[in-house]
There are 2 protein chains.
Amino acid sequence: MSELFNSYYSQATHGPFQLFQLGDFGLEEGGTLHAGQLAYTTLGTLNADKTNAVLLPTWYSGTSKIMADVHVGPGRAIDPDRYFVIIANQLGNGLSSSPTNTPAPFNMARFPRIRIGDDVRAQHKLVTEQFGIERLELVCGGSMGAQQTYEWAVRYPDMVKRAAPLAGTAKNTPHDFLFVETLTEAITSDPAWHAGWYTDPHAVHLGLRRHARLWGVMGFCTEMFKQATWRELGFSSLEDFIVGFVEHYFLPMDPNNLLCMAWKWQRGDVSRHTDGDLAQALARITAKVFVLPIDEDMFFPPRDCEAEHKLIPNSEFRVLHSMYGHLGLFGLEPVYLQQIDQHLGELLALDV
Amino acid sequence: MSELFNSYYSQATHGPFQLFQLGDFGLEEGGTLHAGQLAYTTLGTLNADKTNAVLLPTWYSGTSKIMADVHVGPGRAIDPDRYFVIIANQLGNGLSSSPTNTPAPFNMARFPRIRIGDDVRAQHKLVTEQFGIERLELVCGGSMGAQQTYEWAVRYPDMVKRAAPLAGTAKNTPHDFLFVETLTEAITSDPAWHAGWYTDPHAVHLGLRRHARLWGVMGFCTEMFKQATWRELGFSSLEDFIVGFVEHYFLPMDPNNLLCMAWKWQRGDVSRHTDGDLAQALARITAKVFVLPIDEDMFFPPRDCEAEHKLIPNSEFRVLHSMYGHLGLFGLEPVYLQQIDQHLGELLALDV
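Trainee: It is not clear to me how the relation of the copies chain A and chain B should be interpreted in this structure. Could you clarify?
Mentor: Between the two chain copies there is a screw-like relation: a rotation about an axis and a shift along it. Each copy of the sequence occupies a distinct position, and chain A is placed on chain B by a rotation of 180 degrees and an axial shift of 0.0 Å, giving an RMSD of 0.0 Å. Each copy turns onto its partner about a two-fold axis. A share of 100% of interface residues in chain A that are also interface residues in chain B marks the association as one of identical surfaces.

Next up, the structure:
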């Protein structure tokens, strides 16, 4: 067997998905995905003139399943009765080409470096070659999904009618870079990590638990812990919540997959298209954009998102409320889902 | 030799200090400091009727030196020409009784658990027995020093005329508890830690560096990194700053000392006096209190401090600005020192 078996990265866990063949796919950092694959799922039906497509990329560690659960449904803003929804799993997430599912010699620690731009180019191939879609009604994603959303709007402005980056930035911030560095180091400092050549991903559980706990500190917000809002999720104590929710979430994952995404996350930056000039990059956007930060987000405070919003020609700045901070993205509160539907509903209703 | 030698914990590094003998000092958690010592320094002269004393306790990892540097000076609010300033090093900080300077068998990993209340009782002995002071004009400290300040005001209300807790809370928050848990785990997960029985504290440098980097993420604020304010401190890049400032600061310290303080910090809580009723505890305060959070503090956001302020009978809520977030306490900006002088000057000028 060319890769380690990890039952977590399965259709049993993440629902059905298809694999789009990328072929030998050259990467921005110089590597190649040999016989690369993009895992995606669709909901709804593409109409005859191909004008009802919505694209949802995924966040760090997320897959198509949670994107569908949080953002798509009958009667919701992104209604599969009306839209053809394509959810594209980011490279490295364990469903698309990743350290875990790539055959040797490019497996595990030798999986090549991936950039947000690689994800978006792979998705562009899927959208154009598989479906013949020329323009997307909406691109919407949270966190690393927001990075991909911005990348789409800057790289392929003519193809993006509307964009809704949730809780993320077009150019990652130095503070967030530093935080993600601690996530990486939490895993790689586990002796069981063995420079990425562990014989069992679950042997790296102390590193994964440490990584999870750093998410616990930064992923929510101070007020959530103060009000012990985690009780709503059925936990009995702070420690019960941290182990039962945060550690539980990350423990089944593969360390190399997480690190592939972490490296990419740190370096998300649309100004790579314009020699580092962020204003010039964002000025390329022709989409109608709703910039949607979360008020209590400790990664991407609204002011950081607002600064980018001001550089986008046709943009509105709307702050979502979630007591769960950045991880409000998980849709843990009915009131969060209502806000998603309200804003995305308004955005989709706009003639652009 | 009964302890490991660490030249960092010396008068050469931290300036002159005296040792007050605590004798066999019983601790709240049940242990005893055998021949315990409280390291302190004084500035100025105690007047004849002993009515000009100011007490400054120290924060996590801090010593009397930085408290003097940031808060005391001729022409400043706390002017040693006018006030008799006692700076008391917290237990565990390496100058007062600590894992590093306590003889076997109570050294290193066997150093007993210390509570904020132990610090304050030890300081009470110093203030009353050594100096015969019955009332303090002001108690002022930042972060863990704020915890001690609140503890003083609740435990000995008749002895505290004025209190100025800076960037800290009377009862630690669950989020901060969780953060400090990651600090602890950063050190104890280093294989060189050896359950606290390392043969050289500097051998635990990877744990200390990891601990320092978590401070890097939470100790400042997102905006500081965005504006690259660290350039003002003479660093050339983000990494140069993180290594050259944050790692540099913590690397010479002793892991057991830091962990002793971390455990204490997590559990600071004046409501231990009132069966967990924080309102009842804070209602005991008779001092005039200025609650002084820092606007960009990621540990103790102003709203957490404001909630406590509202429970204190004679309190004012004043928010300090620092681009350095919680570590604004270090007095890295002239504008911060001006704010300290303004608020403490006003507080000391009040007839109470």
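Trainee: Explain the environment of Phe84(B) here, please?
Mentor: Residues and elements named next belong to chain B. Here Phe-84 lies in strand 4 (residues 84-88). Separated by 39 residues in sequence, Phe-84 and Thr-45 have C-alpha atoms that sit 4.9 Å apart. Other than its neighbours up to four places away in sequence, Phe-84 contacts Thr-42, Gly-44, Thr-45, Leu-46, Asn-52 and Ala-53.

Trainee: How do you make sense of helix 9 (residues 255-266) of chain A when you look at a structure like this?
Mentor: Side chains that are three or four residues apart share a direction in an α-helix, a result of its 3.6 residues per turn. All names here are of chain A. Look at helix 9: 16 Å from first C-alpha to last across 12 residues, which is about the 16 Å you get at 1.5 Å a residue. For helix 9, the tally of buried residues reaches 10 of 12 residues, placing the bulk of the element in the interior. Within helix 9, the full set of buried residues consists of Pro-255, Asn-256, Asn-257, Leu-258, Leu-259, Cys-260, Met-261, Ala-262, Lys-264 and Trp-265. Lining the buried residues of helix 9 we find helix 3 (116-130), helix 4 (144-155), helix 5 (174-188) and helix 6 (205-218).

Trainee: Where do I start with the packing of helix 5 of chain A against helix 9 of chain A in this structure?
Mentor: Residues and elements named next belong to chain A. At their nearest, the axes of helix 5 and helix 9 sit 10 Å apart, and the two run at 165 degrees to each other. Overall, the two elements helix 5 and helix 9 adopt an arrangement that is roughly antiparallel. In the crossing of helix 5 with helix 9, the sense of the turn from one axis to the other is left-handed. Between helix 5 and helix 9, the residues in contact are Phe-177, Val-180, Leu-183, Thr-184 and Ile-187 and Pro-255, Leu-258, Leu-259, Ala-262, Trp-265 and Gln-266, respectively. Within the contact of helix 5 with helix 9, the residues separate by chemical class into nine nonpolar, two polar and no charged.

Trainee: Is there a simple way to explain the sheet that holds strand 5 (residues 138-142) of chain B in this structure?
Mentor: Strand pairs in the sheet, formed through backbone hydrogen bonds, run parallel or antiparallel to each other. All names here are of chain B. Spatially, 1-2-4-3-5-6-7-8 is the arrangement adopted by the eight strands of the open sheet, whose pairing is mixed. The two strands at the open ends of the sheet, each matched to only one other strand, are strand 1 (18-26) and strand 8 (315-317). Strand-to-strand, the axes of this sheet are offset by a mean angle of 20 degrees, without reference to chain direction. As paired strands, strand 1 and strand 2 (residues 32-43) are joined by seven bridges and run antiparallel to one another. Its bridge partner being in strand 2, Gly-23 is matched across the sheet by Gly-36. Strands in contact with helix 2 (residues 64-71) are strand 2, strand 3 (53-57), strand 4 and strand 5; relative to strand 2, the strand with the most contacts, it is inclined by about 25 degrees.

The rules behind each value
- Residues numbered from 1 in each chain as written.
- Chains lettered and ligands numbered in written order.
- Predicted model: local features only at pLDDT ≥ 70, side-chain atom pairs only at ≥ 80, totals over all residues.
- Least-squares fit on C-alpha atoms with pLDDT ≥ 70 in both.
- Contact = placed C-beta atoms within 7 Å.
- Helix = DSSP H or I, 4+ residues; strand = E, 2+ residues; numbered from the N terminus.
- Expected span 1.5 Å × (residues − 1).
- Buried ≥ 20, exposed ≤ 12 C-beta atoms within 10 Å, placed from the backbone.
- Axes fitted to C-alpha atoms, helices over the stretch in contact; angles between N-to-C directions.
- Parallel < 35°, antiparallel > 145°, perpendicular 65-115°, else oblique.
- Left-handed = near helix turned anticlockwise from the far one by under 90°.
- Nonpolar A, V, L, I, M, F, W, Y, C, P; charged D, E, K, R; others polar.
- Pairing = 2+ DSSP bridges.

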